[in-house]
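Listed below are the residues making up each chain.
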Amino acid sequence: MKTILVTGGAGFIGSNFVHHALGSRADSGPWKLVNVDLLTYAGNLDSLEGADRDRHELIQADINDGKQIRALLDRHQPSAIVHFAAESHVDRSIDDAASFIRTNVQGTQVLLEAALDYWKTGTCNAFRFLHVSTDEVYGDLAVDDPAFTEQTPYQPSSPYAASKAAADHLVRAWHRTFGLPVLITNCSNNYGPRQFPEKLIPLMMINALHGRALPVYGDGQQRRDWLHVDDHCRALMAVLNRGEPGRTYNIGGNAERDNLTVVQAICDLLDQRAPEGFSLDQPRRELIEFVTDRPGHDRRYAINAGRIEQELGWRPQMKFEVGLEHTIDWYLNNAQWWQRIQSGAYRESSREGYSGERLGTRSGQAA
Ligand code: NAD
Ligand code: TYD
């Protein structure tokens, strides 16, 4: 059985990737997963419930701990590293960028050093380092601009995007200078089960369910290209198994929507589906409040995913409106998952470092 060392596998995309890789639909399996996660506020052991214990091991560790990472590589001899670990929320990066530089930039460098050292031992011939990045490195687009390709120059706007751009450059440099077989993916906004409720879709869903204000930044006309997390996991498997080392792949959902439209769709779905005890005497769209815009807010992202489609045969399968319905249903059917985040109980099994941070938004509304 081949082993993948995953970093950040207790977060949103990482935990979905763990479930995907352990499932029967995963390419080139069966896989064993070694999941290295610091369990910051964004890491959640609840998200790993149901993962087959014989094939999945969680190790609470910091990617900045090069010695421990190197030892784990020796012990588990993975054929790949899939690197998700990051600070991922733009608003937090505006409030305090330091942890973003520490994990996203320095942590990636430490991981690259450890991976290079391990790869040079020749333990695993077909070793691959897959770096999971974002479309935000490209900056934003005007309404009529063509979508981002892999050749679009980097022009990050937020401290988060800048830290991911820096990490991408490091990964590329480790390929060019040292020959490390790396792959880079730049993906658009993900949505789906197990997303921390500081991000747009789960935050709005939980606030709308409770009849609380829905803080839309600025005029709500910013556009994002939404991709269901399951489609992202399938794309990552395709790149891992069939991608060409040294190459970058853009991944997108072909589902550009403005924020206001997304929030209105969530409101309408909840008007139809909210369970007993959660009905309101007003349409939920009336909860929408336009609040002060995010500084440096990117207007539009759009992905040209032609390369991964043509070279690796991947295409998104989930239509946005269907995926959004499934996602709302998941949050309704798994209320305990987000209620344990709201109460802080989700951190009980990993108390170290718990700072009891509030879930919220720039305007202060808590989820
Ligand atoms: P997330 O914030 O939900 O999860 C991040 C995980 O990394 C958490 O489990 C956290 O505990 C862990 N982590 C943080 N610092 C760490 C450290 N120093 N050492 C070890 N683990 C650490 O993030 P996500 O939304 O799942 O994103 C995963 C990756 O995908 C990130 O690299 C992000 O930049 C990228 N990405 C995200 C999106 C998106 O829409 N969410 C889109 C494209 C790319
Ligand atoms: P977010 O989920 O934070 O992802 P990203 O900033 O990485 O794209 O935000 C998605 C969009 O939604 C973004 O344009 C900012 C906007 N937004 C709001 O309008 N209100 C909110 O409360 C949040 C969290 C986001």
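The structure reproduced in this document is the subject of the present report. (Residues numbered from 1 in each chain as written. Chains lettered and ligands numbered in written order. Predicted model: local features only at pLDDT ≥ 70, side-chain atom pairs only at ≥ 80, totals over all residues. Heavy atoms only, no water.)

**Some words on the overall build of the protein**
Item 1. Regarding its fold elements, the protein presents eleven helices and 13 strands.
Item 2. Against the 2.2 N^0.38 benchmark of 21 Å for 367 residues, the protein shows a C-alpha radius of gyration of 20 Å, consistent with a compact globule.
Item 3. Seen along its three principal axes, the alpha-carbon backbone of the protein occupies a region of about 65 × 45 × 40 Å.
Item 4. Within the protein, the fraction of its 367 residues that count as buried is 56%.
Item 5. When contacts within the protein are restricted to residue pairs at least 6 apart in sequence, long-range pairs at least 24 apart make up 81% of them.
Item 6. In the structure as shown, the protein presents an accessible area of about 15200 Å², 45% of it carried by carbon and sulfur atoms.
Item 7. Averaging the positions of the 38 positive and the 47 negative side-chain charges in the protein gives two centres separated by 5 Å. (Helix = DSSP H or I, 4+ residues; strand = E, 2+ residues; numbered from the N terminus. Rg over C-alpha atoms; globule rule 2.2 N^0.38 Å. Buried < 20%, exposed > 50% of the residue type's maximum accessible area, 1.4 Å probe, protein only. Contact = heavy atoms within 4.5 Å. Areas by Shrake-Rupley, 256 points an atom, 1.4 Å probe, with all protein chains shown as cover. Lys, Arg positive; Asp, Glu negative; His and termini not counted. Charge placed at Lys NZ, Arg CZ, Asp CG, Glu CD.)

**Some words on the sheet that holds strand β11 (residues 248–251)**
Picture the strands of a sheet paired through backbone hydrogen bonds; they go either parallel or antiparallel.
Item 1. What the seven strands build is an open sheet, ordered β3-β2-β1-β4-β5-β6-β11; its pairing is parallel. With one partner strand each, in any of the chains shown, β3 (56–60) and β11 form the two edges of the open sheet. Sheet twist, expressed as the mean angle between neighbouring strand axes with direction ignored, is 20°. (Pairing = 2+ DSSP bridges. Axes fitted to C-alpha atoms, helices over the stretch in contact; angles between N-to-C directions.)

**Describing the packing of helix α8 (residues 259–273) against helix α10 (residues 320–333)**
Item 1. Their axes nearest at 11 Å, the elements α8 and α10 cross at an angle of 55°. Considering their axes alone, α8 and α10 lie oblique with respect to each other. As for how α8 packs across α10, the hand of that crossing is right-handed. Contact with α8, carried on its side by V262, A265, I266, L269, L270 and R273, involves F320, L324, E325, I328, D329 and L332 of α10 and no other residues of that element. (Parallel < 35°, antiparallel > 145°, perpendicular 65-115°, else oblique. Left-handed = near helix turned anticlockwise from the far one by under 90°.)

**Quick notes on the side chain of Q222**
Item 1. Take Q222: it is sitting in the loop between β8 (214–217) and β9 (223–225).
Item 2. Of the residues examined, Q222 reaches a relative accessible area of 0% and is grouped as buried.
Item 3. With near-sequence residues (within four places) excluded, Q222 lies in contact with Y217, R257, D258, N259, D293, H297, D298 and R299.

**So, the site of ligand 2**
Item 1. As a matter of local geometry, ligand 2 sits amid 18 residues, with E136, P215, N259, R294 and H297 nearest to it.
Item 2. Take E136: an N or O atom from its side chain is 2.5 Å from an oxygen atom of ligand 2.
Item 3. Within the backbone of Y217, an N or O atom sits 2.9 Å from an oxygen atom of ligand 2.
Item 4. Protein contacts shield 97% of the accessible area of ligand 2, which totals 510 Å² for the unbound molecule.
Item 5. Looking at the shell around ligand 2, the elements with two or more residues in it are α6 (200–209) and β8.
Item 6. Tallied by class, the residues present in the shell around ligand 2 amount to seven nonpolar, six polar and five charged. (Near = heavy atom within 4 Å. Polar contact = N/O pair within 3.5 Å; in protein donor to acceptor, adjacent residues only side chain to side chain. Nonpolar A, V, L, I, M, F, W, Y, C, P; charged D, E, K, R; others polar.)

**Observations regarding unusual backbone geometry**
Comment: phi is negative for the bulk of residues other than glycine, and the bulk of peptide bonds are trans.
Item 1. Look at the link from G29 to P30: it is a cis peptide, with omega at 0°.
Item 2. Among the secondary structure elements, P30 is positioned in the loop between α1 (12–22) and β2 (31–37).
Item 3. Positive phi is not limited to glycine here, since S28 has a value of about 55°.
Item 4. Of note, S28 is situated in the loop between α1 and β2.
Item 5. Located in the positive-phi region is N254, a residue other than glycine, with phi close to 55°.
Item 6. Following the sequence through the fold, N254 ends up in the loop between β11 and β12 (256–258).

**Considerations on the site of ligand 1**
Item 1. Surrounding ligand 1, one finds 28 residues, the nearest of these being I13, D37, S88, Y160 and K164.
Item 2. Isolated, ligand 1 exposes 830 Å² of accessible area, and the fraction of that covered by the protein chains is 97%.
Item 3. Of all the elements in the fold, those that place two or more residues in the shell around ligand 1 are α1, β5 (128–134) and α5 (159–178).
Item 4. Broken down by element, the shell around ligand 1 gets its largest block of residues, three residues, from β5.
Item 5. Per-class residue counts for the shell around ligand 1 are 14 nonpolar, eleven polar and three charged.

**Description of the packing of α6 against α10**
Item 1. Axis separation between α6 and α10 bottoms out at 11 Å; the angle between their running directions is 55°. With respect to their mutual orientation, α6 and α10 come out oblique. By crossing handedness, the relation of α6 to α10 is classed as right-handed. For the pair α6 and α10, contact is made by I201, P202, M205 and L209 and by F320, L324, T327, I328, Y331 and L332, respectively.
Item 2. Per-class residue counts for the contact of α6 with α10 are nine nonpolar, one polar and no charged.

**Details of the packing of aromatic side chains**
Item 1. Here the structure, examined in full by the defined rule, presents 15 aromatic pairs.
Item 2. Of the aromatic side chains, those joined through ring pairs into one cluster are Y138, F148, Y154 and Y301.
Item 3. Over the ring of Y41 we find R92, and its NZ or CZ is 3.6 Å from the ring centre. (Phe/Tyr/Trp six-rings, centres within 6.5 Å; stacked < 30°, edge-to-face > 60°. Lys NZ or Arg CZ within 6 Å of the ring centre and 35° of its normal.)

**Side note on the state of the cysteines**
Item 1. Here the structure, examined in full by the defined rule, presents zero disulfides.
Item 2. The closest cysteine sulfur to the non-disulfide-bonded C187 is located on C233, 9.6 Å from its own sulfur.
Item 3. Exposure remark for C233: the relative accessible area of 0% places this residue in the buried category. (Disulfide = S-S within 2.5 Å.)

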